[in-house]
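The lines below spell out each chain.
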Amino acid sequence: MTLPGVLLLDAAGPEAGALATAAAARGHQVHAATTATAYKGYGPKLKDLLAGHIVTDFARSGPAVDEIAAYARRCGVGAVLTVNEYLTELAAHLCAELAVPGNDPVRVHAARDKAAMAKAFTASGVCTPYTVLVRDSAGLRAALADPRVGFPCVIKPLSGAGSAGVTVVSGPACAAAAADAARAVAGVYGSGGDPGVLVQAYAAGTEYSVESFTQDGTTTHLTVTRKQVTGGASRVETGHSLPVDLPPAIEAAVHREVGAAIGAVGIRHGASHTEVIVAADGRCTVIEIGARLAAGQIGVLIQHALGIDVWAALLDVALGRPAQLAPTACGCATVRFVTSPCAGRLTSLSGLPTVGPGVPFVRWRAALGGPVHAPDANGHRLGSFVVTGSDAAEVEERADALLRQVRIRVEPHPNGPGQVRPASTSAIAP
Ligand SMILES: Nc1ncnc2c1ncn2[C@@H]1O[C@H](COP(=O)(O)OP(=O)(O)OP(=O)(O)O)[C@@H](O)[C@H]1O
Ligand SMILES: [Mg+2]
């Protein structure tokens, strides 16, 4: 029997690589839809694994759907998946076009456009921060004067990701610069162009994400993840840990809000990553949702801590087959992201852990001699590693100890003195 082909919308990155490998190992032909530039960056292993690929322009979404659908029909594709935040809406359109399991192509736009997301959440009764879309300085002034916003507030791009251009604004003096920073975030695949930025009420509390799988409209929450995020104006993730044991009443409230958020943006078949903030009184606010598996190695954490094969599960959901989502292990896992203390040129690296017992994953992506940035967006991570074990406190301690051993030397711009520092862990919020 010939198995249906599997099409990935962009196969770059570790999550897409794991998915492609899992699909190929199960005997599926794996295809990629990609851009000419992205395809050049695919490694030889990935290129060997692909049965074929189509180069398209994701910025022209209508023609891209037509071209990819025609390719998919020719190749016998029976499942379309993406782990790329910017392509989740296109994936839903393709699934509808090919009549394969996917999300609601109309509503899932709200999982990408944060103004539409705030509207969809509010209409569905999801607890979410009060949000105003502003397009000019008069609009910004009016939003800042709105008592439903207040200070601190958050200014962010309309459809960004990776925390780029997101600023926690403490007072009116910093707002215009924050709005400029949000507006300056480059659109990916042509998604920019709208001069709008969002001004949002600040939700105080502890930050978590919830990883969920929805099949035929029924949702299973796999785990709650605690996010380590820097404090200050730029909130950048420095690590994730799972599973989190919340008190049952709080967990129920979190699951209720997340379930409503999933429904609000039309997620019917597939993974979702929902970010929430739980206040001291237990109130859960949904910050945002992505119609995809989490990035930042959360898939690896789930695999090791809970024994759930997320890649196999993603494939099963996309193929319309029952997915195995029950945990088969009860361990703990955490990831730490290595960042540079400042912008400059990376001149040396030492002390990075190696893969071994309790350290199943290590990734380094910054080139020696190449530029590094101050950590003000998740894309500025230099590398990461995962630590696993049976005791959460021990796992955290070991991860922190390993991170302290990572030493990088960065020659700051412009031509300042070299400096050796532990990779930055400063200002990590509790
Ligand atoms: N309304 C808010 N209240 C409090 N903190 C917020 C709010 N909005 C954003 N943040 C903080 O800023 C971070 C980044 O914001 P947001 O998740 O909206 O951006 P993003 O670019 O989609 O990030 P990512 O892709 O990393 O999830 C959040 O993880 C959170 O720490
Ligand atoms: Mg986020």
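Here we summarise the structure given alongside this text. (Residues numbered from 1 in each chain as written. Chains lettered and ligands numbered in written order. Predicted model: local features only at pLDDT ≥ 70, side-chain atom pairs only at ≥ 80, totals over all residues. Heavy atoms only, no water.)

1. Observations concerning the site of ligand 1
Logical step 1: Not every one of the 22 residues close to ligand 1 is listed here, only the nearest: K114, K156, G162, E207 and E288.
Logical step 2: For ligand 1, an oxygen atom lies 2.7 Å from a polar atom in the side chain of K156.
Logical step 3: Here A161 contributes a backbone N or O atom positioned 3.5 Å from an oxygen atom of ligand 1.
Logical step 4: In the complex, 97% of the free accessible area of ligand 1, which totals 600 Å², lies under the protein chains.
Logical step 5: Going through the elements one at a time, β6 (153-157), β8 (197-201), β12 (270-278) and β13 (284-290) are the ones with two or more residues in the shell around ligand 1.
Logical step 6: Among the residues making up the shell around ligand 1, the classes are represented as ten nonpolar, five polar and seven charged.
Logical step 7: The residues that make up the shell around ligand 1 include at least three from each of domain 2 (130-201) and domain 3 (204-330). (Near = heavy atom within 4 Å. Polar contact = N/O pair within 3.5 Å; in protein donor to acceptor, adjacent residues only side chain to side chain. Areas by Shrake-Rupley, 256 points an atom, 1.4 Å probe, with all protein chains shown as cover. Helix = DSSP H or I, 4+ residues; strand = E, 2+ residues; numbered from the N terminus. Nonpolar A, V, L, I, M, F, W, Y, C, P; charged D, E, K, R; others polar. Domains from an automatic or database assignment.)

2. Considerations on the sheet that holds strand β4 (residues 77-81)
Logical step 1: Across the sheet, four strands lie side by side as β3-β2-β1-β4; this open sheet has parallel pairing. Every other strand in the sheet has two partners, leaving β3 (52-55) and β4 as the edge strands with one partner each. Averaged over all neighbouring strand pairs, the angle between strand axes comes to 20°, with direction disregarded.
Logical step 2: Pairing between strand β1 (residues 5-9) and β4: four bridges, direction parallel. Bridge pairing in β4 links G5 to V77.
Logical step 3: Against the sheet, helix α5 (residues 88-98) engages β1 and β4, with an angle of about 160° to β4. (Pairing = 2+ DSSP bridges. Axes fitted to C-alpha atoms, helices over the stretch in contact; angles between N-to-C directions. Contact = heavy atoms within 4.5 Å.)

3. Examining the coordination of the magnesium ion (ligand 2)
Logical step 1: For the magnesium ion (ligand 2), the full set of protein donor atoms is E275 (OE) and E288 (OE), and the range of their distances to it is 1.9 Å. In this pair, E275 sits in strand β12 while E288 sits in strand β13, placing the two residues 13 residues apart along the sequence.
Logical step 2: Looking at E275, the relative accessible area reads 9%, which means it is buried. (Donors = N, O, S within 2.8 Å, 3.2 Å for Na, K, Ca; no water. Buried < 20%, exposed > 50% of the residue type's maximum accessible area, 1.4 Å probe, protein only.)

4. Digging into the pattern of salt bridges
As a working rule, side chains carrying opposite charge can pair if their charged atoms are close by.
Logical step 1: By the definition in use, this model includes 14 salt bridges.
Logical step 2: As a salt-bridge pair, D180 and R183 come within 3.1 Å of each other at their nearest N and O atoms. Pair noted here: D180 and R183 are both in helix α8 (residues 175-183), with a separation of three residues, about one helical turn.
Logical step 3: Of the residues examined, D180 reaches a relative accessible area of 45% and is grouped as partly exposed.
Logical step 4: When its relative accessible area of 35% is taken as the criterion, R183 is described as partly exposed.
Logical step 5: With a closest N to O distance of 3.0 Å, E275 and K227 form a salt bridge. One end of the pair, E275, is in strand β12; the other, K227, is in strand β10 (residues 218-229), and 48 residues separate them in sequence.
Logical step 6: Taken together, the shared-partner salt bridges connect R226, R336, E396 and D400 into one network. (Salt bridge = Lys/Arg side-chain N within 4 Å of Asp/Glu carboxyl O.)

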